[in-house]
Amino acid sequence: MPELVVQLTRAGFLALLWLFVLAALRVVRSDLYAASGVRTELPPSKRDKKQPKSRGGGGGKQPRQLIVTHGALAGTRIALDDRPILIGRADDSTLVLDDDYASTRHARLSMRGSDWYVEDLGSTNGTYLDRAKVTAPLRVPLGVPIRIGKTVIELRP
Amino acid sequence: MSSPVDTSPGTGSGPTRKLPTRRGTELLMLAFATVIITFALMLVDANQGQELTLSIVWYGLSYLGVFTVAHVAVRYFAPYADPLILPCVALLNGIGLVMIYRIDLASAERAAQQDIAFTPDAPRQVVWTVIALALFLAVLVLIKDHRTLTRYAYTCGLLGFFALALPGLLPASVSEVNGAKVWVRIGPLGLQPGEFAKILLLIFFAAFLVSKRDLFMSAGKRVLGIEWPRPRDLGPIVLATGAALAIFVLLKDLGQALLLFGMVLMLIYVATERAIWIFVGLVPFAAGCVIAYNLFTHVQQRTRNWLDPLATYDEPGGGYQNAQALFGLGTGGVAGTGLGAGRPEMVPLSKTDFIAAAIGEEIGFIGLASVLMVYLILAMRGMRGALAVRDTFGKLLGGGLAFAITMQVFVVVGGVTSLIPMTGMTAPFLSYGGSSLLANYILVALLLRISDAARRPQQGGRPRGEQQKTPLSDTGTVLVERPS
């Protein structure tokens, strides 16, 4: 092969290898913003930045995600649809807690009409909506902390 | 692939929400990897003065075909799995194959000059790849949910220790190759059970730590500002680690010992979230290093080779290998000699432990760095799956598996580049060797399974979710709004 072709293909191969790496990183990047049921905390995208401001008053906003603010799973988010969310140590819970103070089936969040309700499923240590112990199903307003053992979750728009 | 589909959780509500499975991206990346591998093969043949024929295209296509089968299996059995893991593995495996083929060409030439019989390794590695992919499919099909593995945790642990000890128990004629007793050879077939033991033990340790995690976290006395767990909870794991290390030292395979110890330490750290465990673990590690150094002459030799490969160049078992690897990397320089234009066969064991040196010589620092980047992306995606999965066993297992890859690459590339003393270990997916390839494909299948569980929508496809819903969540609870 002529020397020029050798050199060009040599450089070309290295370029191809790095293109693969870049393409992979591009997938990683797009994946950061892609929807998935559970997400870890991300740097806010443009859309996310706008939302908190308009949310200010709370008001008529619909909760769209559940976010864990304290505890071992802090930063976990679950996008809400209208299916109930089971919380507890059981493997098949929606949010599987690994918390010494949580019960196997601890609490359930479910949607009635347009509101979300939290109910305690007979847990040992109780479920708290803000400071109040949940004995009957309670409506969960936006941004009010629900305490389960050492884990605190909130509903966010 | 670039459109950040369905970003905000807001659009994600509603029962018919469909998550992108991103299998298309995977296929695209696989095709890209195929192009790179075919190009590499072409360059090798051209630079080695082989005739360029259409057969290369056929090789490339069959490579793509084999991985397309794996892709279809993933599409079917783990539709939400990570789209990058398989292409990264395919690329690494392909580069390894090309490199082995390339060293085969050089060795064949040399063998022809000296009139010795020569059997090429590349076809065998191809066969191993196909077998490994079959095993990969089997794991994906059989293990529908990684949590079922916890049921077999103690079986896995027992099997793992047995597999580790097996070569040590067998006579040296069956188990010893190049001074390391890690083989089980039956006729022409040789396997290193230690490679599989690694995964089995990882499953065992992950499950064990999950069941005992509470005790690690809360029980125990506070001494010197550290909460020590009760000895009877920590006992088994210390014992297991000690036993594994003893076995490894008896087998004279320091690389595996290092890997196992690193994995256990990392699992404890992930399980307890306490950095103090790393430091606590480093003390026995340092002690072990000192003991091993004083007990075993080959450890002293390895250390001397590492400190100054040229000083021990001529000694038997001396710095010859390390020096040759460094010469190779030096010859390659920044941009490499070009595929097929270097002399990677000069490095001993260039198909297995020293394949990083061969790659570094032919595609240079730029190429070797890109290969390491691919490893990094692979490990990162594994870790990401582990982070996002919702159960602790999955988190520990995924993190451990991803860490195992990282640790292996660090130990082997660190050894080749003389960053750390050389310990015999294969580079995952790159090196020639059936056991390593089989074991690492199983590892990848488990990683895919975990990442699939992580990205799968919550309730659909959960094995027990459906049954469970009726008795508990739909029982007659009355919703009463509390008067506020």
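Small disclaimer: the values here were computed from a predicted structure and weren't measured.

1. Remarks on the overall build of chain B
Broken down by element type, chain B carries 16 helices and six strands. The buried share of chain B, reckoned over its 484 residues, is 54%. Taking the intrachain contacts of chain B between residues at least 6 apart in sequence as the baseline, contacts between residues at least 24 apart amount to 72%. Roughly 20600 Å² of accessible area belongs to chain B as shown, and the carbon and sulfur atoms make up 69% of that amount.

2. What to know about the pairing of strand E6 (residues 107-112) of chain A
Residues and elements named next belong to chain A. Bridge analysis of strand E4 (residues 85-88) against E6 gives three bridges, and the strand direction is antiparallel. Directly across from isoleucine 87, in E6, lies its bridge partner alanine 107. Direction of pairing for E6 relative to strand E7 (residues 115-120): antiparallel, over a ladder of six bridges. Its bridge partner lying in E7, alanine 107 is registered against aspartate 120. Joining the antiparallel neighbours E6 and E7 is a turn of two residues, in which glycine 113 adopts a positive phi near 65°.

3. With respect to the sheet that holds E4(A)
Strand order in the open sheet made by the five strands is E5-E4-E6-E7-E10 (chain A), with mixed pairing throughout. The open sheet terminates on both sides in strands that have one partner only, identified here as strand E5 (95-96) and strand E10 (138-139) of chain A.

4. Description of the side chain of Glu119(A)
All names here are of chain A. When you line up the elements, glutamate 119 lands in strand E7. Since its relative accessible area comes to 4%, glutamate 119 is described here as buried. Polar contacts involving the side chain of glutamate 119 include one to the side chain of arginine 108, which spans 2.8 Å.

5. Let's talk about unusual backbone geometry
All names here are of chain B. A positive phi is found at aspartate 115, a non-glycine position, where the angle reads about 65°. The backbone of leucine 349 shows a phi angle near 55°, a positive value even though the residue is not glycine. Summarising the element assignment, leucine 349 is placed in the loop between helix H12 (320-332) and helix H13 (355-388). Take leucine 349: its relative accessible area is 37%, and that puts it in the partly exposed class.

6. Considering the packing of helix H3 (residues 85-114) of chain B against helix H4 (residues 122-142) of chain B
Residue and element names in this part refer to chain B. Here H3 crosses H4 at 160°, and the two axes come no closer than 9 Å. Judged by the angle between their axes, H3 and H4 are roughly antiparallel. The handedness of the crossing between H3 and H4 comes out as right-handed. On H4, the residues touching Leu86, Asn93, Leu97, Ile100, Tyr101 and Asp104 of H3 are Ala122, Pro123, Gln125, Val126, Thr129 and Phe136. Here the contact of H3 with H4 is built from residues that sort into eight nonpolar, three polar and one charged.

7. Points about the packing of helix H1 (residues 23-47) of chain B against helix H2 (residues 55-77) of chain B
All names here are of chain B. In contact at an axis separation of 9 Å, H1 and H2 are set at 155° when each is read in the N-to-C sense. One element, H1, and the other, H2, form an angle in the roughly antiparallel class. H1 and H2 meet at a crossing whose hand is right-handed. Residues of the contact of H1 with H2, tallied by class, amount to 13 nonpolar, six polar and four charged.

8. Brief notes about the side chain of Asp121(B)
When you line up the elements, Asp121(B) lands in the loop between H3 and H4. Among residues more than four places away in sequence, those in contact with Asp121(B) are Ile100(B), Asp104(B), Lys351(B) and Tyr432(B).

9. Let's talk about the pattern of salt bridges
Residues and elements named next belong to chain B. Applying the stated rule across the entire model yields 14 salt bridges over all chains. Salt-bridge contacts for aspartate 145 lead to arginine 147; the nearest nitrogen and oxygen are separated by 3.0 Å. Salt-bridge contacts for arginine 343 lead to glutamate 345; the nearest nitrogen and oxygen are separated by 3.1 Å. Given the relative accessible area of 48%, arginine 343 is considered partly exposed. Residue glutamate 345 is classed as buried on the basis of its relative accessible area of 15%. Connected via shared salt-bridge partners are Asp104, Asp121, Arg124 and Lys351.

Scoring rules and cut-offs
Within each chain, residue numbers correspond to sequence positions counted from 1 in written order. Throughout, the order in which chains and ligands are written sets their labels, letters from A for the former and numbers from 1 for the latter. Reporting in this predicted model follows two pLDDT cut-offs: at least 70 for local features of residues, and 80 or more for side-chain atom pairs to be given and counted; totals over whole chains, interfaces and linings ignore these cut-offs and use all residues. Only heavy atoms go into the side-chain values, all of them from the structure, while hydrogens and water stay out. Each helix is a run of H or I in the DSSP string that is no shorter than four residues. Each strand is a run of E no shorter than two, and both are numbered from the N terminus. Only protein chains enter the accessibility calculation, which uses a 1.4 Å probe; a residue is then buried when its area is under 20% of its type maximum, exposed when over 50%, and partly exposed in between. The contact criterion used throughout is that any non-hydrogen atoms of two residues lie within 4.5 Å. Note on areas: Shrake-Rupley, 1.4 Å probe, and residue coverage restricted to the protein chains presented here. Only strands that DSSP links by at least two bridges are regarded as paired with each other. Pairs of N or O atoms are called polar contacts if they sit within 3.5 Å, as long as, within protein, a hydrogen donor faces a hydrogen acceptor (for residues adjacent in sequence, only side-chain-to-side-chain pairs). In this description, a line fitted to the C-alpha atoms serves as the axis of each element, helices being fitted only across the stretch in contact, and the angle between N-to-C directions of two axes falls anywhere from 0 to 180 degrees. Between 65 and 115 degrees an angle is taken as roughly perpendicular, under 35 as roughly parallel, over 145 as roughly antiparallel, and anywhere else as oblique. Take the far helix as the reference: if the near one is turned anticlockwise from it by less than a right angle, the crossing is left-handed, and if turned clockwise, right-handed. All residues other than Ala, Val, Leu, Ile, Met, Phe, Trp, Tyr, Cys, Pro, Asp, Glu, Lys and Arg, Gly among them, are scored as polar; the first ten of these are nonpolar and the last four charged. Between Lys or Arg on one side and Asp or Glu on the other, a salt bridge is scored when a side-chain nitrogen of the former is within 4 Å of a carboxyl oxygen of the latter.

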